[in-house]
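# Notes for the structure review
Here's the letter readout for the chains.
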Amino acid sequence: MGRVTESTTATALADLSPAELEAFLETQRTAYAELRERGLKLDLTRGKPSAAQLDLCNELLELPRGHQDASGTDVRNYGGLSGIPELRAMFAELLWVETEQVVAGGNSSLTMMHDCLVQLLLHGGPESPRPWAQEETVKFLCPVPGYDRHFTMLASYGIEMVTVPMNEDGPDVAAVRELVTDPAVKGIWIVPTYANPSGSTCSQEVASALASMETAAPDFRIFWDNAYAFHHLSEDEAKSADIITLASGSGHPNRPIMFASTSKITFAGSGVAFLAASKANVDWYLGHQQFASIGPDKVNQLRHAQFFGSADGVRAHMARHREILAPKFAAVDEALTSALDGRDVATWSKPTGGYFVNLDVLDGTASRVVELAKGAGIALTPAGASFPNGHDPRDRNIRLAPSFPVLDEVRTAMAGVATCVLLAATEKLAGVQG
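Within any chain, residue numbers begin from 1 and follow the written order of that chain's sequence. Restriction of local features to residues with pLDDT of at least 70 applies here, the model being predicted, together with a cutoff of 80 or more for giving and counting side-chain atom pairs; totals for whole chains, interfaces and linings are based on all residues. Values shown for side chains rest on all heavy atoms present in the structure; no hydrogens or waters enter the calculation.

With that out of the way, let us pick up the overall build of the protein chain. Each helix is a run of H or I in the DSSP string that is no shorter than four residues. Each strand is a run of E no shorter than two, and both are numbered from the N terminus. Each helix and strand counted, the protein chain has 13 helices and 13 strands in total. Principal-axis analysis of the C-alpha atoms gives the protein chain an extent of 75 × 50 × 35 Å. Here the protein chain, with 434 residues, has 55% of them falling under the buried criterion. Across the protein chain, contacts joining residues at least 24 apart in sequence account for 78% of those joining residues at least 6 apart. Methods summary: accessible areas were calculated by the Shrake-Rupley approach with a probe of 1.4 Å, and residue burial reflects only the protein chains presented. Surface summary for the protein chain: the accessible area is close to 17900 Å², and the carbon and sulfur share equals 49%. By the counting rule applied here, Lys and Arg register as positive and Asp and Glu as negative, while His and the ends of each chain are not counted. We put the charge of a Lys on NZ, of an Arg on CZ, of an Asp on CG and of a Glu on CD. Between the mean site of the 35 positive side-chain charges and the mean site of the 52 negative ones, the protein chain shows a separation of 4 Å. Exposure classes here rest on a 1.4 Å probe applied to the protein chains alone. A residue is buried below 20% of its type maximum, exposed above 50%, and partly exposed in between. Only heavy atoms enter the contact rule, under which two residues are in contact if any of them lie within 4.5 Å.

Structure (structure tokens):
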């Protein structure tokens, strides 16, 4: 988590006298009125790749060359439920697992997560005494702030969500250890590398603790959503913890199920998703998947294998993404620092990877900031979206997604967001109804 540093020029809003605060409020109202007059129409709601990033992958539109994979299989036909061997091997290297532990699927890792959750509810996992749906209560641990789509998936099945703090080194281990003594707690969501939205990375020590800790539920699962494992914003690349080896070594080989995809690497709507897990979990997944599919889109998998060429090809491709994304994240920090530094009304992350900036504003003002931004033509993710059921008890958290707009639009949008943060904070401190 980044922090507002001391400034030699700006004064913390809470230190202003009533008269100074009133004058500052009028200044911010004027600035906001001018912002509205610009007629902006900017969108920072979701972490979508920009057109420039998608253009990096246009060669995919001319692939594949030929129609046979490395094993000689005709990819135009049925079969191959686990995916083509060369792409599985490529991503096995990137995800630190063996090829037989990888399933290459369709275009969405979220679909794979959903399939796993549903199969656990309907059938249970390898160690389950019964299907999860037959339990009186099913609970999942949800590190917060976290990924809203994880939470809405759980909510859609009536699974109770229990929050734990997401720290700089991953989920709060002490909180998790206490909660897993409840046999109703069946799993935990984790975005381990450049977490959505905090940007934190799960350390090897935290991952080891999660992999090895005793849980009351024998079929406790770690849904390890490694969505941003390769999405570095600097040359100081975070290394994902090797959760599958850690779990195997601690006697819980089936605990983690890892997910990844090329959705923000190639074409967002037509990439390839991956599941990686123990052999028992892979067999369990494919054993149920065989009733839902005769095989994935192997033509798309072959074009991806040819496009990348190797694991190093993936790494080189992501360096090109970094050249586009890094300036946008720098622009977010520059705009927030310029306007908010020293005002003591906001903190924000300075991620070294991933797709988001986590902005915490003055307690009780996040919803107002989002409302003000909307009024100025700047669409933000709803306040509280990074919490289960969209409820942030402190109403302070906002997820910023600067990837999609062009750089100048990011600068404009973030200057506008900073204005909204200052106006909302000043209203709050002055006791003025917005």
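With that settled, consider the environment of Leu 120. Relative to the assigned elements, Leu 120 resides in helix α4 (residues 109-123). Looking at Leu 120, the relative accessible area reads 1%, which means it is buried. Considered as a pair, Leu 120 and Arg 221 are 101 residues apart in the sequence and their alpha carbons are 9.8 Å apart. Ignoring any residue separated from it by four or fewer positions in sequence, one finds Leu 120 in contact with Gly 125, Pro 131, Trp 132, Arg 221, Phe 223 and Trp 284.

The predicted model of the protein chain averages 95 in pLDDT, with 98% of residues at 70 or higher. Each residue carries a pLDDT score, the predictor's confidence in it, ranging from 0 to 100. Across residues 1-8, where pLDDT falls below 50, the model places 23 contacts with residues more than four positions away in sequence or in other chains.

Quick look at helix α13 (residues 407-430) now. Helix length check: α13 (24 residues) gives 35 Å between terminal C-alpha atoms against 34 Å at 1.5 Å per residue, within 8%. Downstream of α13 by a residue or two, Gly 431 has a phi angle that is positive, lying close to 70 degrees. A helix is expected to span 1.5 Å multiplied by its residue count minus one.

Here we come to the pattern of salt bridges. Take a side-chain nitrogen of Lys or Arg and a carboxyl oxygen of Asp or Glu: if they are within 4 Å of each other, that pair is a salt bridge. A full pass over the atoms with the stated rule returns 20 salt bridges. Residue Arg 315 pairs with Asp 312 through a salt bridge whose shortest N-O separation is 2.5 Å. On the criterion of helical spacing, the pair formed by Arg 315 and Asp 312 is a turn pair, its members being three residues apart in helix α11 (residues 311-340). For Arg 315, a relative accessible area of 40% gives the class partly exposed. The partner of Arg 368 in a salt bridge is Glu 371, and the shortest N-O contact between them spans 3.0 Å.

Turning our attention to the side chain of Ser 278. Structurally, the position occupied by Ser 278 is in the loop between β9 (273-276) and α9 (279-289). When its relative accessible area of 8% is taken as the criterion, Ser 278 is described as buried. In terms of polar contacts, Ser 278 uses its side chain to reach the side chain of Asn 254, at 2.5 Å. Polar contact is defined as a pair of N or O atoms within 3.5 Å, subject to the rule that within protein one atom must be able to donate a hydrogen and the other to accept it, and that residues adjacent in sequence are counted only when both atoms are side-chain atoms. For Ser 278, the side chain forms a polar contact with the main-chain nitrogen of Asn 281, separated by 3.1 Å. Ignoring anything within four residues of it in the chain, the contact list for Ser 278 reads Gln 101, Pro 253 and Asn 254.

In this section: the pairing of strand β6 (residues 185-190). Taken residue by residue, a regular strand's side chains alternate between the two faces of the sheet. With respect to burial, β6 is a largely interior element, six of its six residues being buried. The criterion for strand pairing is that DSSP finds at least two bridges linking the strands in question. Of the strand pairs in this sheet, β6 and strand β7 (residues 221-225) are connected by four bridges, and their pairing is parallel. Residue pairing in the sheet places Ile 188 in a bridge with Ile 222 of β7.

To continue, consider the packing of aromatic side chains. Any Phe, Tyr or Trp ring, taking Trp's six-membered ring, that has another such ring centre within 6.5 Å forms a pair; planes under 30 degrees apart are called stacked, those over 60 apart edge-to-face, and the others tilted. In the structure shown here, the tally under the stated rule is eleven aromatic pairs. On the basis of an interplanar angle of 85 degrees and a centroid distance of 6.1 Å, the ring pair of Tyr 228 and Phe 356 is categorised as edge-to-face. Of this pair, Tyr 228 sits in the loop between β7 and α8 (243-249) while Phe 356 sits in the loop between β10 (346-348) and β11 (357-361), and the two are 128 residues apart along the sequence. Among the residues examined, Tyr 228 registers a relative accessible area of 4% and is labelled buried. The class of Phe 356 is buried, set by a relative accessible area of 5%. Aromatic ring contacts, followed pair by pair, group Phe 91, Phe 230, Phe 274, Phe 307 and Phe 308 into a single cluster. When the ring centre of Phe 404 is taken as reference, the NZ or CZ atom of Lys 48 above it lies at 4.5 Å. Here, over-ring charges are defined by two tests on the NZ atom of lysine or the CZ atom of arginine: distance to the ring centre within 6 Å, and angle to the ring normal within 35 degrees. Sitting above the plane of the Tyr 355 ring, Lys 264 keeps its charged end 5.3 Å from the centroid.

With respect to the helices and strands, the residue Thr 426 is situated in helix α13. Reaching out from Thr 426, the side chain makes a polar contact with the backbone oxygen of Leu 422 at a distance of 2.6 Å.

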